[in-house]
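Fold and geometry: a report
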Amino acid sequence: MNKGKMINSRLFTKNPRFSYLPDGDKYFLASDEPKYKFNVIGTGTMGQEHIRVTMLEGRATINGIYDPNEGSVVGAQQQFAQFSDDELTVHQSLEAACMDPEVDGLIIATPNYTHIDLVKKAIESGKHILLEKPIATTLEDAYTIYEIGEEYPAVFQIGLQYRYKPTYRETINQVMGKSQVVGDIKTVSIAEHRVPFLDKVNQWNKFSEFSGDTLVEKCCHYFDLLNLFADSRPVDVYASGSQAVNFTEFEYDGKKSDILDNAMVIINYENGVRANFNLCMFAPMFYEELVICGDDGYLKAWEKVDFLPQSSSGTGIDILRADESPSLRITPNYPAPIERSGHHGATFMEHVDFVNNIDGIETPTATALEGLWSIAVASAAQESIKTGQVVKVNDHLADHKIEI
Ligand SMILES: NC(=O)c1ccc[n+]([C@@H]2O[C@H](COP(=O)([O-])OP(=O)(O)OC[C@H]3O[C@@H](n4cnc5c(N)ncnc54)[C@H](O)[C@@H]3O)[C@@H](O)[C@H]2O)c1
């Protein structure tokens, strides 16, 4: 049904309160039949979030899943049942999930170290692919995935969806859009202070071998944002960090955890922009802060979940301008059901643009090249922490026989 430009909030069409209406009487509340079907490979925390947002977004549906862990299969079925009475196909092999003739797209949400082999299998299908971040655990594998993504004839989208968090999306609008509220960007700082890594199936995120270590696994999101705001090539990286508090006594299958839980990273970009990133993963809340200084203004964006009864959780952007322009204080948010669907609505918005990409509409989703650059900075920072030296990004890439 073509309703023209009328606002058609998916939140109304999905509301069960209106299920009493005969279908023939639904116009504003009518939802279109999903155009596309996806399979989700890996249905732990993030795979289930992808199921939830696909169904909430509504232009696609989930046809099937593949996950060797029974608990993750049950979790996915329960998630899906909240949106649909249809049966979810539970594939018994990766091959079957990838080659399923029913589906248009594959969403890969498995542990980081599996991405390289899964992508190699998934591309045999020619289907559209949404691959979770980080694209890989090593620079070599990240480069291979970049090459695959560049050549792939269908959509090959990377799950660096923090770009779509309301704070960062509005910051991108403000500093890179028409109004350029800070003028020429000179410095960019991001801090993430949060609780330790959550438990995972087989605890893959406690080991650098499986996750790529913390700056690759988690902080590739922030390096992606720093790269985006700097809009230039990173030249050198200096970092300091350690495993100071978290999982220092943790062992699994006889192996000791070996991941960073705090770090400070400084990056110089080719165009003179300076950036830094500050991580602490033993803080009793989730807090992210971004500060951008330009030659014409200052912007601070933040997002906080503090778990307190008199909570000051929320989001905000302060923009302080030089004399001639008004300063602004903004509270960026998506509608509550969208924010509740995960990552403050960022994953939902990533799905809106996954479907738009499939429809051939140009979007700002992360490319395989941007996925690779986020890992290049993370990997250089981890090298700097190991050696105590400034790492020249070009030399670091060359050491791994990579030229970008
Ligand atoms: N974009 C984001 O903000 C975000 C947030 C969280 C996680 N992630 C990413 O999503 C991915 C999954 O993380 P998670 O937190 O859901 O982990 P998880 O451990 O909760 O889930 C991973 C699932 O993959 C399954 N799995 C393992 N090997 C598999 C294989 N070969 N084939 C199919 N399934 C397999 C596991 O059984 C498990 O159910 C990781 O790459 C992670 O970095 C992204």
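Read on for an overview of the structure. Within each chain, residues carry numbers counting from 1 in the order of the written sequence. Where totals are concerned, whole chains, interfaces and linings use all residues; where local detail is concerned, this predicted model gives features only for residues with pLDDT of at least 70, and gives and counts side-chain atom pairs only at 80 or more. The side-chain quantities take in all heavy atoms of the structure and omit both hydrogens and water.

**Here we look at the site of the ligand**
Near the ligand you find 28 residues, and of these Met46, Asp67, Ser72, Asn112 and Lys200 are the closest. With respect to the ligand, the side chain of Gln161 contributes an N or O atom lying 2.9 Å from a nitrogen atom. Polar contacts here mean pairs of N or O atoms no more than 3.5 Å apart (in protein, one a potential hydrogen donor and the other a potential acceptor; neighbouring residues in sequence count only if both atoms are side-chain atoms). A distance of 3.0 Å is found between an oxygen atom of the ligand and a side-chain nitrogen or oxygen belonging to Trp204. Burial of the ligand by the protein chains amounts to 90% of its free accessible area of 840 Å². Only DSSP runs of H or I with at least four residues qualify as helices, and only runs of E with at least two residues qualify as strands; both kinds are numbered from the N terminus onward. Secondary structure elements with two or more residues in the shell around the ligand: α2 (45-57) and α5 (115-122). When residue character is reported, Ala, Val, Leu, Ile, Met, Phe, Trp, Tyr, Cys and Pro are called nonpolar, Asp, Glu, Lys and Arg charged, and the others, Gly included, polar. Taken together, the residues of the shell around the ligand sort by class into eleven nonpolar, twelve polar and five charged. Proximity is defined per residue: if any heavy atom of the residue lies within 4 Å of a molecule or strand, that residue is considered near it. Residue burial considers only the protein chains on display, and all accessible areas are found by Shrake-Rupley using a 1.4 Å probe.

**Thoughts on unusual backbone geometry**
The residue after Lys133, namely Pro134, is reached through a cis peptide bond having omega -20 degrees. Its location among the elements puts Pro134 in the loop between β5 (128-131) and α6 (139-151). Residues other than glycine seldom take positive phi values, yet Gln180 does so here, at roughly 45 degrees. Position of Gln180 among the secondary structure elements: in the loop between α7 (166-176) and β7 (185-193). We note that Phe307 has phi near 65 degrees; this positive angle belongs to a residue other than glycine. With respect to the helices and strands, Phe307 occurs in the loop between β14 (297-305) and β15 (314-321).

**Focus: the packing of α7 against helix α10 (residues 220-230)**
Two numbers describe how α7 lies on α10: the axes approach to 11 Å, and their chain directions differ by 15 degrees. The orientation of α7 relative to α10 falls into the category roughly parallel. When you trace α7 past α10, the crossing you get is right-handed. Facing α7, whose interface residues are Tyr168, Thr171, Ile172, Val175 and Met176, α10 presents Tyr222, Leu225, Leu228 and Phe229. Every angle, taken between N-to-C directions, lies between 0 and 180 degrees, and every axis is a line fitted to C-alpha atoms, over only the stretch in contact when it is a helix. An angle below 35 degrees is read as roughly parallel, one above 145 as roughly antiparallel, one from 65 to 115 as roughly perpendicular, and any other as oblique. For any pair of crossing helices, the crossing counts as left-handed if the nearer helix is rotated counterclockwise from the farther one by less than a right angle, and right-handed if it is rotated clockwise. Note on contacts: a residue pair qualifies if any of its non-hydrogen atoms lie within 4.5 Å across the two residues.

**Quick notes on the sheet that holds strand β4 (residues 105-108)**
Whether two strands pair depends on DSSP finding at least two bridges between them. With respect to topology, six strands assemble into an open sheet ordered β3-β2-β1-β4-β5-β6, the strand pairing being parallel. The two strands at the open ends of the sheet, each matched to only one other strand, are β3 (89-90) and β6 (156-158). Two strands pair when backbone bridges link them, and strand β1 (residues 36-41) and strand β2 (residues 60-66) are joined in this way by six bridges, in the parallel orientation. Note that in β2 the partner of Tyr36 across the bridge is Ala60. α2 rests against β1, β2, β4 and β5 of the sheet, and its axis sits at about 155 degrees to β2. Along the sheet face, α5 touches β1, β4, β5 and β6 and points at about 175 degrees away from the line of β4.

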